[in-house]
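One-letter residues, chain by chain:
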Amino acid sequence: MSSTFRLARGVAVADLSGIHEGYSVEAAPRGHAVFTVNVSAERMRTVFERLASEVSDPGFLVLEVGTHESVEKTLRKSSTDPFHKDVYYLDALSHEGLREILDRHGDLLTHDGGIHFGFGGSGGIDEVYVGPYKILHIYANAPEKYVRALQDLGFVGEPRLKTVWDNFTAEAPGKRMVLTDVKTTIWSLIEELKTQGLYFAERRDA
């Protein structure tokens, strides 16, 4: 358990009061459990890999990045139109294959504010996902294994976990940034993983 909560390098939040490592669980309308987990940045790689090890193998990698500015200009006809994100998948990925990707690119995935990533199982609802502001979510039909894993990692459950979203105001919003001072950017990461089978799946409203 981290005593001081640290943000990813590609994330800026003005107010961290009340933000600490922990988790909460609620039931989704479809009946599966949804975990919300605050993870300090220096532990994200370790925590994600441990939780992903509970996902049924083989699984799939999901990557989500903001649609490129040149494409957005053709999609958004007015300032009120939504922005978009591009969703990519890499199927039939083993735990070993995921670890190899994390060994090469774990720091980028952990710290780049412009990318969301996850690992899911091919059967049922079973996914570990790191979304906006690097808040980790788990979606599971069998939540017990994740409760045990989180407890092993030192996390304590709460009725309702406070996240950075709760501290945002019009005067002090959060900010997510794509890292450019890195050897591998999120765009070159996608091109590299395409050689391993990563494919574009869909474009969604952000």
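Presented here is an overview of the structure given in this document. (Residues numbered from 1 in each chain as written. Predicted model: local features only at pLDDT ≥ 70, side-chain atom pairs only at ≥ 80, totals over all residues. Heavy atoms only, no water.)

1. Some remarks on the nonpolar core
As a reminder, the rule being used: Definition used in this section: a nonpolar core is a set of buried Ala, Val, Leu, Ile, Met, Phe, Trp, Tyr and Cys residues joined via side-chain atoms within 4.5 Å. Each residue's exposure class comes from its accessible area (1.4 Å probe, protein chains only) as a fraction of the maximum for that residue type: buried when under 20%, exposed when over 50%, partly exposed otherwise. By definition, residues are in contact when any of their heavy atoms lie within 4.5 Å.
If you look at the biggest cluster of nonpolar residues, it comprises 40 residues, and the most contacted ones within it are V37, F48, L51, L63, L136 and I138. Other than its neighbours up to four places away in sequence, V37 contacts G22, Y23, I135, L136, I138, L150, F155 and L161.

2. With respect to the environment of W187
Definition in use: Starting at the N terminus, helices and strands are each numbered in turn, a helix being any DSSP run of H or I of at least four residues and a strand any DSSP run of E of at least two.
Residue position: W187 is located in helix α5 (residues 186-194). Taking C-alpha positions, W187 is 20 Å from R45, a pair spaced 142 residues apart along the chain. Setting aside its immediate chain neighbours within four residues, W187 contacts V65, G66 and H68.

3. With respect to the sheet that holds strand β2 (residues 22-27)
Put simply, the rule is: Two strands pair if DSSP finds at least two bridges between them. Axis angles are defined between N-to-C directions and span 0 to 180 degrees, where every axis is a line fitted to C-alpha atoms and, for a helix, only to the segment in contact.
If you trace the 8 strands from one edge of the open sheet to the other, you get β2-β3-β8-β7-β6-β4-β5-β10, paired in antiparallel fashion. Only two strands of the sheet have a single neighbouring strand rather than two, namely β2 and β10 (199-205). Across the sheet, the axes of successive neighbouring strands diverge by a mean angle of 20 degrees, strand direction being ignored. As defined by bridge partners, strand β7 (residues 126-130) adjoins strand β8 (residues 136-140) across 5 bridges and the pair is classed as antiparallel.

4. Some remarks on the packing of aromatic side chains
What counts, and what does not: Each pair of aromatic rings taken from Phe, Tyr and Trp, with Trp reduced to its six-membered ring, is defined by centres within 6.5 Å and is described as stacked if the planes are under 30 degrees apart, edge-to-face if over 60, and tilted in the remaining cases. For a Lys NZ or an Arg CZ to count as sitting over a ring, it must be within 6 Å of the ring centre and within 35 degrees of the ring normal.
What the rule picks out here adds up to 9 aromatic pairs. When the ring of F48 is compared with that of F117, the centres are 4.8 Å apart and the planes differ by 65 degrees; the resulting orientation is edge-to-face. Taken together, the positions of F48 in helix α1 (residues 44-52) and F117 in strand β6 (residues 115-121) put the pair 69 residues apart, joining distant regions of the chain. Each member of the pair, F48 together with F117, is buried. Across from the ring centre of F83, 3.7 Å away, lies the NZ or CZ of R76, which sits over that ring.

5. Focus: the layout of surface pockets
This is how it is decided: The pocket and cavity definitions rest on a 1 Å grid over protein atoms only: a 1.4 Å probe that fits but cannot leave marks a cavity, an open set with protein on both sides within 12 Å along at least five of seven lines marks a pocket, and residues lining either have an atom within 4 Å of a point. Grid points are joined across faces, edges and corners, and a volume is the space filled by probe spheres set on the points. Think of it as three bins: nonpolar holds Ala, Val, Leu, Ile, Met, Phe, Trp, Tyr, Cys and Pro, charged holds Asp, Glu, Lys and Arg, and polar takes everything else, Gly as well.
Estimates place the volume of the largest pocket at around 440 Å³. Taken together, 20 residues make up the lining of the largest pocket; nearest its centre are V65, G66, H84, R176 and A206. Sorting the residues of the lining of the largest pocket by element identifies β4 (59-66), α2 (69-75), β5 (84-93) and α5 as the ones contributing at least two each. Residues of the lining of the largest pocket, tallied by class, amount to 8 nonpolar, 7 polar and 5 charged.

Fair warning: the whole summary comes from geometry, so function is off the table for now.
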